[in-house]
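Descriptive structure summary
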Amino acid sequence: MADLRSEFVGIRSPNPFWLASAPPTDKKINVERAFRAGWGGVVWKTLGLDPHCVNVNGPRYGVVYGADRRVLGLNNIELITDRPLDVNLREIKEVKRDWPDRAMVVSLMVPCDEASWKTILPMVEETGADGVELNFGCPHGMSERGMGSAVGQVPEYIEMVARWCKQSTRMPVIVKLTPNVTDIRQPARAALKGGADAVSLINTVNSITSVNLDDFSPEPSIDGKGSHGGYCGPAVKPIALNMVAEIARDAELAGLPISGIGGVTTWRDAAEFMALGAGNVQVCTAAMTYGFKVVQEMISGLETWMDAKSHARLADIVGRAVPNVTDWKHLNLNYVTKARIDQDACIKCGRCFAACEDTSHQAIWMKPGRVFEVNDAECVACNLCVDVCPVADCITMERLPAGAVDPRTGRTVSDDHADWTTHPNNPSRVAAE
Amino acid sequence: MTAPLLTPGIAAGRLPSEAITRNFADAHPRLGAHEAVVAADRCYFCHDAPCVTACPTAIDIPLFIRQIQTGLPEAAARTILSQNILGGMCARVCPTETLCEGACVREAAEGQPVEIGRLQRYATDALMAAGPQPFARAPQTGRRVAVVGAGPAGLACAHRLATHGHDVTIFEARPKPGGLNEYGIAAYKTPGGFAQAEVDWLLAIGGITVETGRALGAGLTLDELREGFDAVFLGVGLGAVNALGAEGEGLPGVRDAVEFIAELRQSDDLSALPVGRRVVVIGGGMTAVDAAAQSRLLGAEDVTIVYRRGRERMSASLWEQEQALARGVTIRCNARPLRVVGEGAARGVEFAYTEEGPDGLRDAGETFTLPADQVFKAIGQCFAPGAGMSLEMAGGKIAVDAVGRTSVAGVWAGGDCAAGGDDLTVTAVAQGRDAAESIHGALAG
Ligand SMILES: Cc1cc2nc3c(=O)[nH]c(=O)nc-3n(C[C@H](O)[C@H](O)[C@H](O)COP(=O)(O)OP(=O)(O)OC[C@H]3O[C@@H](n4cnc5c(N)ncnc54)[C@H](O)[C@@H]3O)c2cc1C
Ligand SMILES: Cc1cc2nc3c(=O)[nH]c(=O)nc-3n(C[C@H](O)[C@H](O)[C@H](O)COP(=O)(O)O)c2cc1C
Ligand code: SF4
C-alpha cells in the first residue's frame, strides 16, 4: 500500500489533504469533524486583530453551475474570521492538543505594519500550532483596507512582511499568493527573498458570477448591490495548475515548497497538482459542496493510483511533470497526429462534424447514414473533435509514423525533433548546426 | 350477493369509484421544473439531429430543449408549436419510442433517450398555462376555406390557414371537435379535459368557425363545398371498422373497440360504464391495446388480446404492449377467431392457431376457446367514402401527393383518410399543416 504520509516544511500529517483556510476551518466543531472524517490537516480560517471583522448579513456566495446544478465555481464576499481572537486561539490550542498527529497551520492577516505582526505571532505560537500562513490573497473587502491581495500584489510588501514574520517566530511561514497578478513568479520570488519557507496558491480569483436580470444587481445581491468576490472551485483549477507549474519550473525558485490550492475536488486533481510540484494540497470548495467525507475518496483514490503505478511514497510523484512543462517554442513540430473516429463507439450525434465544419478545418465528412470520417488531407490535429465528443475514447489522436506522408502538407514525417527555434519561418531562428 | 368484481356478464361498478379515479389518472404526469432541467441537460444538441428527422412534424428538438435548459419553457413551446400546433397533445400521445426518442443518440449510447416527449409536455403546458396561443393572424385575405373534420389533421390545417389570414369553416359530423383526440385516445394519456381545452386554445387565434353536427354526405356535398369556398380540405379520418367475418359476430356482447372507447371517453362517471368480467380483444394495434388496458382499469377480471400473427408484427409499439401487460392484460399471438360462441349473448370465442407460412398466414390445425362476456373487435379501421365523393383512391384511402392535393382540383386531404400516412396524431398534424401551406400557395398564386 502506498505511503501517503506527508511532511511539508517540517509539518507532518497522515496524508497530503489539508483543508484550506475558509469556513470549513473556522471553528473547533468543524475542524474536529474534519479530522474525524480523515483530513490530514487544516489551515485555520484567517485570524486578524480585534476588533474582529463583521460579515454581510445577506448572501455571501455566488455560483456557476454545470449540468444538473453541479457546482463548477463558487464566488464569495466573506471576510476573515468574524469571531474574537481569543476564542479562536483557545480553540486552536484545544484542537491541536487533542489531535497531535494532524497539521495545524494558522492563517493570519493583520495591517501592514511590523507591530501588528509582532503582536499576533507569539499568540499563535502559544497555541502549539505547527505553522502560519500569511493571507496575501483575499481579493475582496480586506484588500480595500490595504490587506490581503493589496499586499499580495506588491512584491516589496510581501518580502517585507515575510521578513518580519521570520524574524519573530520559530514557526514555518507559508505565504499564500493571490492569482490576481500578471506574473505569479514575482510575488513568489519576493516571498522567497523575505525568507518564507513555502508558498501556497491560489487564493480566489476576482469575479462576478452572474447578474440578476430582474433588478440588474450582481449576485450575490446585497440590497440590490453587489461587489466583486473571489472565485474558486473546479473552474479555477486550470489557472491554479498553471501558476503552480510556473513557480515549480522557475530557476530562481528552485526548491521552494508549494502547497497547491484551487479546485481540488478529486484524488486526480490532487495528483495533478503534486505532479506539477505541489508538496501537498489544500481544499475548500469541494468540502463546502459535498461535506468532509470527500476526503475519503481522495485518500483511497490516490492510494489506488499510486499502487497501480508502483509509486511508493509522495516524493515519488511530487514534481514528476515539471520537466515536461516547457515553452511553446520547444514543442516538437514533427509530432504529426490525425483524428481517428471509432465507428463502433460512435453514437452519431454529429458534434465533431459541427465543431470541425463550422469552427475548425472542415476535416470531417458527414456521409450517408450519419457516418462521420476524418479527412486526413484537411485535419490539422487540433483535438476539438475529441474534446466535444460525448463518448470517451470514441475519437482519438493517432501519430503518423516516421516515413509516412502527411496528406495535408505532402511532407514526409520525420522522427527528428524540430521546433520553432529552428523553423525557417522564424525570423529570429538559431541556425541549425 | 357476489362482489362487484366477480359479477358475471357485462356490468358497471366493478371497482369503487376512487379506484377508477386512480386508475385513470395521468399516466405520465408533467415533469417538475427541476426534473425538466435535469432531463434537458442530457441533450447533446446534435448536429442535424436524428430526432428532428424522426419527428413527422420536424420540431427543432435540440433547440427547444436548450430553451428549457436556459430557463425559458415558453420560448421552447413556441419552437414546438410553430411546427406542430397540437404539440401539447402529441407530447402525450406520440409513440416517442418509435419516433424522436427512438432516434435519440443517447438511446444508442446508453439505452436511455432524452425524455423528449415529457420535455415537450413541460414546455407546452407552461405556455398554455400562461395564456393564449401565441400566433397572430396575417391581415385577412378574404379567401375562404372549408375544412371537413375537426380531428388533428383538420385543426392543424385550419390553424395554419388562419395564421395566413384566410377564413376557415370547419364542418364536423360529431357534436364536439377534436376527432380521436376527443373520442379515441386512451383516457389516461389525456385526462382533465385536455383535448377540448387544447381545441379552445387553438381556435382562439380567430378566423375559424366550427359547425358541429354537419357531416359531409348528409345534406352537404363536396360539390357544394367546392362552389362555396376557395378550397376544401378533407380530414375525415377513418369512419368505418373492419368486419371480423366470423360466425356469431352479431351476438350481444360483441362490439367495435373504437365505439367502446368513444363511450368511455365521453363518460363523466366511469364507474357507471359497464364492462365484461372476461374480455377478449381481437386485434394488434393501438386500439386493441387501449381497449384492453382500459377494460382492466374499469375492473374486468380477465382481459386477453388475441392477435393473428407474432408479437413483433403487432402495430402497437413494444412500449404500448408493455403498458398493457403492466396493467394486467394477457397478450396471445398466432391465433385467429373462428366464431363467437354463446346462446343469446357472447360466452366465448373459438380461435384457430395460426402459423406464418411461405404464402402467408395459415391455420396450424388446432383450436382453443377463451371464455368471454364481452368481445371487442379492433382489427383496424378503414376509410368510408361519403356519398358524392368521387376522388381517386389508393389502398382504400384518398390518393394525395406530397402536399395533400387530391385528384380533384381545389380539394386537399390529410390525416388518416389520406393514403401514405402512419395513422398517428402527429402525422395527421403534419399533413394538415402541409396541405394548408399548399392551399395558401394556391390561393396566393
Ligand atoms: C383507440 C385509438 C387510440 C389511438 N391512440 C393513439 C395514440 O396513442 N397516439 C397516436 O399518435 N395516435 C393514436 N391513434 C391514432 C390517431 O388518433 C389518429 O391517427 C388521428 O386522430 C388522425 O387524425 P385525423 O384528423 O386524420 O382523423 P380523426 O381524429 O379521426 O378526425 C376526423 C374527424 O372527422 C370527422 N368526420 C368524419 N367523417 C366526417 C364527415 N363525413 N363529415 C364531417 N366530419 C367528419 C370525425 O368526426 C372526426 O372528428 C389512436 C387511434 C385510435 C382509434
Ligand atoms: C467562503 C470562503 C472564504 C474564504 N476565506 C479565506 C480566508 O479567510 N483566508 C484565506 O486564506 N483564504 C480564504 N478562502 C480561499 C480558500 O482558502 C482557497 O484558497 C480557495 O477557495 C481556492 O480553493 P478551492 O478551489 O478548493 O475552494 C476562502 C474561500 C471561500 C470560498
Ligand atoms: S482534430 Fe481538429 S481539424 Fe482534425 S478532424 Fe478533429 S476538429 Fe477537425
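Residues numbered from 1 in each chain as written. Chains lettered and ligands numbered in written order. Predicted model: local features only at pLDDT ≥ 70, side-chain atom pairs only at ≥ 80, totals over all residues.

1. A few points about the overall build of chain B
Threshold: Helix numbering and strand numbering both begin at the N terminus, where a helix is a DSSP run of H or I of at least 4 residues and a strand a DSSP run of E of at least 2. Atoms counted for the radius of gyration: C-alpha only. Globule rule: 2.2 Å times residue count to the power 0.38. Buried, partly exposed and exposed are defined by the number of other C-beta atoms within 10 Å of a residue's own C-beta, namely 20 or more, between the two limits, and 12 or fewer respectively, with C-beta atoms placed from the backbone. It is the C-beta atoms, placed from the backbone, that decide contacts: two residues are in contact if theirs lie within 7 Å.
If you tally the helices and strands in chain B, you get 17 helices and 19 strands. On C-alpha atoms alone, chain B measures out to a radius of gyration of 23 Å, which is about the 22 Å that the 2.2 N^0.38 rule sets for 445 residues. In terms of its C-alpha atoms, chain B occupies a principal-axis envelope of roughly 65 × 55 × 50 Å. Residues classed as buried in chain B amount to 48% of the 445 residues present. Considering only intrachain contacts with a sequence separation of at least 6, the fraction spanning at least 24 residues in chain B is 71%.

2. Some thoughts on the overall build of chain A
If you tally the helices and strands in chain A, you get twelve helices and 20 strands. Here the C-alpha radius of gyration of chain A, 25 Å, is about what a compact globule of 433 residues would show, namely 22 Å. Projected onto the principal axes, the alpha-carbon positions of chain A cover approximately 75 × 60 × 50 Å. Burial status across chain A gives 44% buried among its 433 residues.

3. Describing the site of ligand 2
Residue and element names in this part refer to chain A. Inclusion rule: Whether a residue is near a molecule or strand depends on its C-beta atom, placed from the backbone, lying within 6 Å of it. Amino acids outside the nonpolar list (Ala, Val, Leu, Ile, Met, Phe, Trp, Tyr, Cys, Pro) and the charged list (Asp, Glu, Lys, Arg) are all regarded as polar, and Gly is one of them.
Taken together, 28 residues lie around ligand 2, and Ala 20, Asn 76, Cys 232, Cys 284 and Thr 285 are the ones closest in. Contributions of two or more residues to the shell around ligand 2 are made by β4 (41–47), β6 (71–76) and α9 (285–290). Here the residues of the shell around ligand 2 are counted per class, giving 13 nonpolar, twelve polar and three charged.

4. Some words on the interface of chain B and chain A
Facing ten residues of chain B, the contacting portion of chain A comprises twelve residues. Counting residues per element, the ones that place at least two in the side of chain B that touches chain A are α2 (33–41) and α8 (105–110) of chain B. In terms of residue count, the dominant contributor to the side of chain B that touches chain A is α8 of chain B (three residues).

5. What to know about the sheet that holds strand β15 (residues 374–377) of chain B
Residue and element names in this part refer to chain B. This is how the line gets drawn: Pairing between strands requires that DSSP locate at least two bridges from one strand to the other. Helix axes are fitted to C-alpha atoms over the stretch in contact, other axes to C-alpha atoms as well, and angles between N-to-C directions run from 0 to 180 degrees.
Strand order in the open sheet made by the five strands is β7-β15-β9-β10-β11, with parallel pairing throughout. Either end of the sheet is taken by a strand with one partner, and the two such strands are β7 (254–256) and β11 (330–332). Taking each pair of neighbouring strands and ignoring which way they run, the sheet shows an average axis angle of 25°. Bridge count for strand β9 (residues 278–282) against strand β10 (residues 302–306) is five bridges, and the pairing is parallel. Residue pairing in the sheet places Val 280 in a bridge with Thr 304 of β10. Where helix α14 (residues 257–266) meets the sheet, its contacts fall on β7, β9 and β15, and the angle it forms with β7 comes to roughly 75°. This element, helix α15 (residues 286–298), spans β9, β10 and β15 of the sheet and lies at about 175° to β10.

6. Overview of the site of ligand 1
Residues and elements named next belong to chain B. Heads up, the condition is: Where each domain starts and ends comes from a domain assignment, either automatic or drawn from a database.
In the neighbourhood of ligand 1, 39 residues make up the surrounding shell, with Gly 149, Gly 151, Gly 179, Gly 237 and Gly 415 lying closest. If you list the elements that add at least two residues to the shell around ligand 1, you get α10 (152–163), β3 (167–172), α14, α15 and α17 (425–444). Of the residues in the shell around ligand 1, the class split is 20 nonpolar, 13 polar and six charged. Split by domain, the shell around ligand 1 shows at least three residues from each of two domains, domain 2 (144–239 + 383–444) and domain 3 (241–377).

7. Description of helix α5 (residues 73–83) of chain B
Regarding α5 of chain B, the residues found buried are Pro 73, Ala 76, Ala 77, Thr 79, Ile 80 and Leu 81 of chain B. Buried positions along α5 of chain B lie against α4 (61–69), α6 (87–93) and α9 (116–130) of chain B.

8. Let's talk about the nonpolar core
Residues and elements named next belong to chain B. Which entries qualify depends on this criterion: Put simply, a nonpolar core is a cluster of buried Ala, Val, Leu, Ile, Met, Phe, Trp, Tyr and Cys residues tied together by C-beta atoms within 7 Å.
Residues Phe 233, Val 281, Ala 292 and Ile 305 are the most contacted members of the largest nonpolar core, which totals 151 residues. Here this core gets eight residues from one element, more than from any other, and that element is α15. Excluding residues within four positions of it along the chain, Phe 233 makes contact with Val 145, Val 147, Val 148, Gly 154, Cys 157, Trp 412, Ala 413, Gly 414, Ala 435 and Ile 439.

9. Thoughts on the packing of α2 of chain B against α4 of chain B
Between two packed helices, what matters for the description is the angle formed by their axes and the separation of those axes. Residue and element names in this part refer to chain B. Heads up, the rule is: Put simply, angles under 35 degrees are roughly parallel, angles over 145 are roughly antiparallel, angles from 65 to 115 are roughly perpendicular, and the rest are oblique. By the definition used in this description, the sense in which the near helix is turned from the far one sets the handedness, with an anticlockwise turn below a right angle giving left-handed and a clockwise turn giving right-handed.
Two numbers describe how α2 lies on α4: the axes approach to 9 Å, and their chain directions differ by 135°. By the criterion of interaxial angle, the relationship of α2 to α4 is oblique. Both α2 and α4 take part in a crossing whose hand is left-handed. Listed contacts from α4 to Ala 36, Val 37, Ala 40 and Asp 41 of α2 are Ile 65, Ile 68 and Gln 69. Of the residues belonging to the contact of α2 with α4, the class tally is five nonpolar, one polar and one charged.

10. Here's the deal with the pairing of β3 of chain B
Residues and elements named next belong to chain B. To be explicit about the condition: By convention, a crossover is right-handed whenever its connection, traced from the first strand over the helix to the second and viewed with the strands pointing away, goes clockwise.
In the sheet, strand β2 (residues 144–148) pairs with β3 via five bridges, with the strands oriented parallel. In the sheet register, Ala 146 faces β3, and the bridge partner there is Thr 169. Taken together, β2, α10 and β3 constitute a β-α-β crossover, and its handedness is right-handed. For β3 and strand β4 (residues 208–212), the ladder comprises five bridges, and the chain directions are parallel. By the bridge assignment, Val 168 is partnered in β4 with Ile 208.

11. A look at unusual backbone geometry
Residues and elements named next belong to chain A. A cis amide bond links Asp 50 with the next residue in sequence, Pro 51, at an omega value of -5°. When you line up the elements, Pro 51 lands in the loop between β4 and β5 (61–65). Of the consecutive residues Leu 201 and Ile 202, the connecting peptide bond is found in the cis state with omega at 10°. One non-glycine residue, Asp 68, lies in the positive phi region at around 60°. As for its position among the elements, Asp 68 is in the loop between β5 and β6. We note that Lys 348 has phi near 70°; this positive angle belongs to a residue other than glycine. Looking at Lys 348, the number of C-beta atoms within 10 Å reads 20, which means it is buried.

12. Quick notes on the confidence of the model for chain B
Condition: Each residue gets a pLDDT score, which is the predictor's confidence in that residue and runs from 0 to 100.
On average, chain B scores 94 in pLDDT, and the residues at 70 or more come to 99%. Here the predicted complex carries an ipTM of 0.81, next to a pTM of 0.88.

13. Regarding the environment of Val 430 of chain A
All names here are of chain A. Among the structural elements, Val 430 can be located in the segment after β20 (395–399). Residue Val 430 is classed as exposed on the basis of its 8 C-beta neighbours within 10 Å. In sequence terms Val 430 and Ser 300 are 130 residues apart; their C-alpha atoms lie 49 Å from each other. Apart from residues lying up to four places away in sequence, Val 430 is in contact with Thr 421 and Thr 422.

14. Focus: the environment of Leu 384 of chain A
All names here are of chain A. By secondary structure assignment, the location of Leu 384 is in helix α12 (residues 384–388). A count of 19 C-beta atoms within 10 Å places Leu 384 in the partly exposed class. Here the alpha-carbon distance between Leu 384 and Cys 356, two residues 28 residues apart in the chain, equals 7.2 Å. Dropping the residues within four chain positions of it, Leu 384 is found in contact with Ala 355, Cys 356 and Ser 360.

15. Things to note about the domain arrangement of chain B
Residue and element names in this part refer to chain B. Taken domain by domain, chain B comprises domain 1 (33–130), domain 2 (144–239 + 383–444) and domain 3 (241–377). Placing the centre of domain 2 and that of domain 3 at their C-alpha centroids yields a distance of 30 Å. Between domain 2 and domain 3, the residue contacts involve five residues of the former and eight residues of the latter. Grouping the constituent residues of the side of domain 2 that touches domain 3 by class yields three nonpolar, one polar and one charged.

16. Remarks on the sheet that holds strand β7 (residues 103–108) of chain A
Residue and element names in this part refer to chain A. Ordered by their spatial adjacency, eight strands build a closed barrel running β3-β4-β7-β8-β9-β10-β15-β16, and the pairing between neighbours is parallel. Strand-to-strand, the axes of this sheet are offset by a mean angle of 25°, without reference to chain direction. Alignment of strand β3 (residues 17–19) against strand β16 (residues 280–283), held across three bridges, turns out to be parallel. Residue pairing in the sheet places Trp 18 in a bridge with Gln 282 of β16. Set on the sheet, helix α5 (residues 155–168) makes contact with β8 (131–135) and β9 (173–176); between it and β9 the angle comes to about 160°.

17. Description of the pairing of strand β15 (residues 258–261) of chain A
Residue and element names in this part refer to chain A. Here β15 shows a buried face lined by Ile 258 and Gly 260 and a second buried face lined by Ser 259 and Ile 261. As paired strands, β15 and β16 are joined by three bridges and run parallel to one another. Residue pairing in the sheet places Gly 260 in a bridge with Val 281 of β16. Taking the sense of rotation as the criterion, the β-α-β connection linking β15, helix α8 (residues 267–275) and β16 turns out right-handed.

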